[in-house]
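Commentary on secondary and tertiary structure
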Amino acid sequence: MKNSLRIRWLFPACGLLALCTLLASADRDEGKHKKSGGGTLPPAATRQVSYTNDVKPLFADNCFGCHADGEHKGGYRMDTQAQILKLVSKGNSAKSKLIRMTAGLVERDEIMPPKTGLKPAEVGILRAWIDQGAKFDDKPATKPAK
Ligand code: HEC
């Protein structure tokens, strides 16, 4: 009696274990194959955003350390508008490399900042900026000379 009870539980338990192992290995194989950063695309922020107040501080905190002021990791600098715009598909944040890199939708070694990417809310701000036309509202520091 004691034995048959144990056997009755043994089969479902084995089945469950086998299933879990199968799922776990399928997951691992997929990761290896795509070398994906495994990120998801966060929604764009719904408010109006500005380059100076919202976007530039994010770049300063998260990118400039390696991509500005003489530090050009990967040959890339982020402190000129032309360079930033190379990562942007105006009006289409979901397609923009800037978003795909910071949200981890690229290969693992392309995620920026390296390994971590940005927080979903930060990616959301960048998305909103791109969707709103990727405008630079920087005021010149001094008035142009006459
Ligand atoms: C800790 C340093 C570091 C930070 C911070 C960092 N990067 Fe990078 N970045 C690198 C390195 C290193 C490479 C070169 C990677 C390579 O060549 O494999 C690189 C390469 C790049 C490239 C060129 C990739 C290509 O495919 O040509 C871009 C674009 C880039 N980073 C954008 C960013 C952006 C945007 C941020 C901020 C959101 C950022 N990085 C933050 C270190 C950094």
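Look up: the structure comes first, before these words.
The notes below deal with the structure included here. (Residues numbered from 1 in each chain as written. Predicted model: local features only at pLDDT ≥ 70, side-chain atom pairs only at ≥ 80, totals over all residues. Heavy atoms only, no water.)

Looking at the nonpolar core
Soluble, globular proteins show a tendency: their nonpolar side chains are buried together. Formally: The criterion is simple. A nonpolar core is a set of buried Ala, Val, Leu, Ile, Met, Phe, Trp, Tyr and Cys residues joined through side-chain atoms within 4.5 Å. Buried, partly exposed and exposed residues are distinguished by accessible area as a fraction of the type maximum, computed with a 1.4 Å probe on protein chains only: under 20%, between the cut-offs, and over 50%, respectively. We count a stretch as a helix when DSSP gives it H or I for four or more residues in a row; a strand needs E for two or more, and each element gets its number in order from the N terminus.
Counting 24 residues, the largest nonpolar core has F59, M78, L98, L126 and W129 as the members making the most contacts within it. Listed by contribution, the elements that provide at least two residues to this core are α2 (51-62), α5 (97-102) and α6 (120-131). Considering each element in turn, this core owes the most residues, six residues, to α6.

Details of the packing of aromatic side chains
Going by this rule: Aromatic rings from Phe, Tyr and Trp, taking only the six-membered ring of Trp, are treated as a pair when their centres fall within 6.5 Å; an angle between ring planes under 30 degrees marks them as stacked, one over 60 as edge-to-face, and anything in between as tilted.
Applying the stated rule across the entire model yields four aromatic pairs. The interplanar angle of 65° and the centroid separation of 4.7 Å between the aromatic rings of Y51 and F136 together place this pair among those described as edge-to-face. Here F136 lies in the segment after α6 and Y51 lies in helix α2, a separation of 85 residues in the sequence. With a relative accessible area of 4%, Y51 lands in the buried category.

Regarding the coordination of the iron atom of the ligand
Ideal values for angles at a metal depend on the geometry: 109.5 degrees with four tetrahedral donors, 90 or 180 degrees with six octahedral donors. This is how the line gets drawn: Nitrogen, oxygen and sulfur within 2.8 Å of a metal are treated as its donors, or within 3.2 Å for sodium, potassium and calcium (Na, K, Ca); water is not counted, so a site can appear incomplete. Sites are called tetrahedral only when four donors show all angles between 85 and 135 degrees, square planar or octahedral only when four or six donors show opposite pairs over 155 degrees and all other angles between 65 and 115, and irregular in any remaining case.
Here the iron atom of the ligand is held by H67 (NE2) and M112 (SD), and the distances to it run 2.0 to 2.2 Å. Metal-centred angles of 87 to 179° between the six donor atoms at the iron atom of the ligand mark the site as octahedral. One end of the pair, H67, is in helix α3 (residues 64-67); the other, M112, is in the loop between α5 and α6, and 45 residues separate them in sequence. Overall, the relative accessible area of 12% leaves H67 in the buried class.

With respect to α6
How we decide: Expected helix span is taken as 1.5 Å per residue step, with the number of steps being one fewer than the number of residues. Residue contacts follow a heavy-atom distance rule, with two residues in contact if any of their heavy atoms lie within 4.5 Å.
For α6, spanning twelve residues, the distance from its first C-alpha to its last is 16 Å, which sits close to the expected 16 Å at 1.5 Å a residue. With nine of its twelve residues buried, α6 lies for the most part within the structure. Within the span of α6, buried status applies to E122, V123, G124, I125, L126, R127, A128, W129 and I130. In the core, the buried residues of α6 are packed alongside α2, α4 (81-85) and α5. Immediately downstream of α6, the backbone of G133 shows phi near 110°, a positive value.

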